[in-house]
Amino acid sequence: MTEFDTEGLGPQAFPVPRGCPFAAPEAYREWREKGPVTRVTLPTGRAAWVVTGYHEVRAVLADPRVSADVRHPNFPALVQGEQEVGAESRPFIRMDPPEHTRFRRMLLAEMTVRKARRMRRDIQRVVDERVDELLAFGPPADLVRHFAHAVSSTVMCELVGVRRADPAFRRVTGTLGSQVFGGGSSTAEGASEGVGALSSVVDDLIAERAARPGEDLLSRLVVEQLNPGLVSREELVTTIAILIVAGWETTTNQIALSVLALLHHPGLWEQLRADYSLLPAAVEELLRALSVGDSIALRTATEDLDIGGHIIPAGDGIIPLLAAANHDHNVFREPDSIDFGRAEKKHVAFSYGVHQCVGQNIARLELNIAVGTLLDRVPTLRSTVHPEEIRFRHDGIAFGPEQLPVTW
Ligand code: HEM
């Protein structure tokens with residue numbers, strides 16, 4: 001075992017922008033070829049280690065000596081304010097077992113494959129309504145604003161029982177976005193205000209559900225968890241708020257970037273149009289290739305860790321890069337190509353281990369329905385600009401296009 005030698009290398013700045021929107025940044029490959037971990041400097045000025053190999057990323061994410069607790073002094077927050085706000089509100093994504101397990105179980109019961117399938121009809125209705133509006137509005141249109149964002153915010157709100165026509169819908173969606181949470185330009189005050197605003201809307205929703213429980217997830221959590229005292233009001237507010245934040249921008253960006261990838265790569269859109277049975281495999285391959293949640297998983301070593309022969313000292317921050325793992329040449333053949341028939345399918349776009357995305361069944365369903373409905377109802381869809389002309393968000397919760405001008 002050797003201490004990692006940073007001499008002469010100098011810490012690299014992180015995050016690094018992608019050269020190609022459909023692949024991991026080129027730097028990840030260079031870093032992986034030099035060793036399994038790389039020392040980086042974060043926008044907060046703090047140093048951390050990024051992990052770039054598929055097996056090493058999975059090993060770190062499954063290691064009980066690696067903590068997700070936001071209160072560690074060297075927690076590798078990517079933006080100002082994230083650690084302070086997280087330490088105060090304590091969302092379960094930034095907790096460790098056994099504390100984390102209680103909240104995760106509470107949501108898991110609501111997000112099984114079976115429950116997600118039961119949502120199929122509702123998600124299809126949401127998507128159909130958004131396509132109706134898109135067709136009435138354009139062409140041309142911005143597929144991010146008029147479709148991806150509209151679909152994902154409506155699905156997240158309906159999950160907690162808020163319909164688009166409900167005045168609470170605007171209150172919830174008005175508080176969301178990287179400009180509030182996690183954007184490169186965010187500040188501690190801005191993040192704190194953003195969390196406060198969303199928490200206050202969620203708290204009002206809980207009060208309404210407590211008075212008149214409905215059929216939605218929030219009502220069930222109020223009746224089954226809050227009322228018997230299994231969870232406090234404050235804990236329920238934070239859990240619902242993180243659920244909405246975690247499920248919104250990720251899915252918006254994955255829908256928009258998937259459509260752009262399908263339109264940009266010759267033949268992919270037509271391949272799916274010719275054979276709809278390829279859709280689930282295509283969605284899975286796009287999750288791997290695009291890896292929009294590349295650096296959502298933020299960790300700290302609680303003991304000295306040996307990663308592929310390099311020691312990460314206890315207390316240091318670690319970022320297992322999901323896009324790097326999903327583009328590791330040693331595991332995925334021609335990782336930058338999008339191949340619906342790919343044999344290697346075990347990607348980590350939803351992370352791995354105890355924090356693996358709790359909403360992945362819903363996300364998959366939403367992606368299948370969103371892309372499938374566009375293929376069916378807007379078959380001549382095409383982008384009016386080249387990917388080079390599109391502005392991408394590199395510093396938010398998830399990677400994706402800010403706008404996607406389309407016509408049909
Ligand atoms: C394409 C869409 C999505 C992607 C790429 C994605 C990605 C991720 C990733 C990478 C993590 C793990 C973070 C870690 O290891 O620390 C995560 C966790 C989480 N996601 Fe997702 N997600 C998506 C959609 C959703 C949706 C739709 C929901 C809600 C319905 C959701 C709710 C959550 C929650 C609550 C967690 C925290 C789980 C825990 O800490 O135990 N996500 N997601």
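Please refer to the structure higher up on the page.
Residues numbered from 1 in each chain as written. Predicted model: local features only at pLDDT ≥ 70, side-chain atom pairs only at ≥ 80, totals over all residues. Heavy atoms only, no water.

Trainee: Mind laying out the site of the ligand, listing which residues take part and the relevant values?
Mentor: Surrounding the ligand, one finds 26 residues, the nearest of these being His100, Arg104, Ser351, His355 and Cys357. Arg104 has a polar side-chain atom sitting 2.7 Å from an oxygen atom of the ligand. Here an oxygen atom of the ligand and a side-chain polar atom of His355 are 2.6 Å apart. For the shell around the ligand, the secondary structure elements donating two or more residues are helix 4 (99–108), helix 7 (143–159) and helix 11 (233–264). With six residues, helix 11 is the single largest residue contributor to the shell around the ligand. Residue composition of the shell around the ligand, grouped by class: 16 nonpolar, eight polar and two charged. (Near = heavy atom within 4 Å. Polar contact = N/O pair within 3.5 Å; in protein donor to acceptor, adjacent residues only side chain to side chain. Helix = DSSP H or I, 4+ residues; strand = E, 2+ residues; numbered from the N terminus. Nonpolar A, V, L, I, M, F, W, Y, C, P; charged D, E, K, R; others polar.)

Trainee: Talk me through the nonpolar core; I want residue IDs and the actual numbers.
Mentor: With 90 residues, the main nonpolar core has Leu143, Phe147, Leu236, Ile240 and Leu374 as its most contacted residues. The greatest single-element share of this core, amounting to 16 residues, is contributed by helix 11. (Core = buried A, V, L, I, M, F, W, Y, C linked by side-chain atoms within 4.5 Å. Buried < 20%, exposed > 50% of the residue type's maximum accessible area, 1.4 Å probe, protein only.)

Trainee: So what about the packing of aromatic side chains? Which residues, and what values?
Mentor: Applying the stated criterion to the full structure yields four aromatic pairs. With a centroid separation of 5.6 Å and 85° between ring planes, the pair formed by Tyr54 and Phe332 is classed as edge-to-face. Taken together, the positions of Tyr54 in helix 2 (residues 54–62) and Phe332 in the loop between helix 14 (322–326) and helix 15 (360–377) put the pair 278 residues apart, joining distant regions of the chain. The residues Tyr54 and Phe332 share a single accessibility class, namely buried. In this structure, Arg58 packs its charged tip against the face of Tyr352, placed 4.2 Å from the ring centre. Over the ring of Phe332 we find Arg288; its NZ or CZ atom is 5.3 Å from the centre of that ring. (Phe/Tyr/Trp six-rings, centres within 6.5 Å; stacked < 30°, edge-to-face > 60°. Lys NZ or Arg CZ within 6 Å of the ring centre and 35° of its normal.)

Trainee: Describe the sheet that holds strand 14 (residues 405–407), listing the residues and the values that go with them.
Mentor: The strands making up a sheet are joined through hydrogen bonds of the backbone, oriented either antiparallel or parallel. With antiparallel pairing, the three strands of this open sheet are ordered in space as 6-14-11. Pairing within the sheet leaves two strands with one partner each, and these edge strands are strand 6 (141–142) and strand 11 (382–383). Bridging between strand 11 and strand 14 involves two bridges; their strand directions are antiparallel. Across the sheet, Ser383 pairs through a bridge with Val406, a residue of strand 14. (Pairing = 2+ DSSP bridges.)

Trainee: If you had to explain the coordination of the iron atom of the ligand to someone new, which residues and values would you point to?
Mentor: Note on metal sites: the ideal angle is 109.5 degrees for four tetrahedral donors, and 90 or 180 degrees for six octahedral donors. Among protein residues, the single donor to the iron atom of the ligand is Cys357 (SG), with a metal-donor distance of 2.3 Å. Relative to the elements of secondary structure, Cys357 occurs in the loop between helix 14 and helix 15. (Donors = N, O, S within 2.8 Å, 3.2 Å for Na, K, Ca; no water.)

Trainee: Go over the packing of helix 11 against helix 15 with me, naming the residues and quoting the values.
Mentor: Put simply, helix 11 and helix 15 touch, their axes get as near as 10 Å, and they point 40° apart. When the axes of helix 11 and helix 15 are compared, the pair comes out oblique. Taken as a pair, helix 11 and helix 15 cross one another with a handedness that is right-handed. Residue-level inspection shows Thr251, Gln254, Ile255, Val259 and Leu262 of helix 11 in contact with helix 15, the latter providing Glu366, Leu367, Ala370, Val371 and Leu374. Here the contact of helix 11 with helix 15 is composed, by residue class, of seven nonpolar, two polar and one charged. (Axes fitted to C-alpha atoms, helices over the stretch in contact; angles between N-to-C directions. Parallel < 35°, antiparallel > 145°, perpendicular 65-115°, else oblique. Left-handed = near helix turned anticlockwise from the far one by under 90°. Contact = heavy atoms within 4.5 Å.)

Trainee: How would you sum up the packing of helix 10 (residues 217–226) against helix 11? Please name residues and give values.
Mentor: At a minimum axis distance of 12 Å, the contact between helix 10 and helix 11 shows a crossing angle of 150°. Relative to helix 11, the element helix 10 is oriented roughly antiparallel. As for the relative orientation of helix 10 and helix 11, their crossing is right-handed in sense. Along the contact surface, helix 10 presents Leu217, Leu218, Leu221, Val222 and Leu226, while helix 11 presents Arg233, Leu236, Ile240 and Leu243. Looking at the contact of helix 10 with helix 11 residue by residue, the class counts come to eight nonpolar, no polar and one charged.

Trainee: Let's hear about the pattern of salt bridges: which residues, and what values?
Mentor: If you walk through the whole model with that rule in mind, you get 27 salt bridges. Notably, a salt bridge pairs Arg32 with Asp328, separated by 4.0 Å at the nearest N-O pair. In this pair, Arg32 is assigned in helix 1 (residues 26–34) and Asp328 in the loop between helix 14 and helix 15, connecting sequence segments 296 residues apart. One salt bridge in this structure joins Glu158 and Arg125, with 2.8 Å as the shortest N-O distance. In this pair, Glu158 sits in helix 7 while Arg125 sits in helix 6 (residues 120–137), placing the two residues 33 residues apart along the sequence. Overall, the relative accessible area of 18% leaves Glu158 in the buried class. What emerges from the salt-bridge pattern is a single network uniting Glu285, Arg288, Arg333, Arg342 and Glu344. (Salt bridge = Lys/Arg side-chain N within 4 Å of Asp/Glu carboxyl O.)

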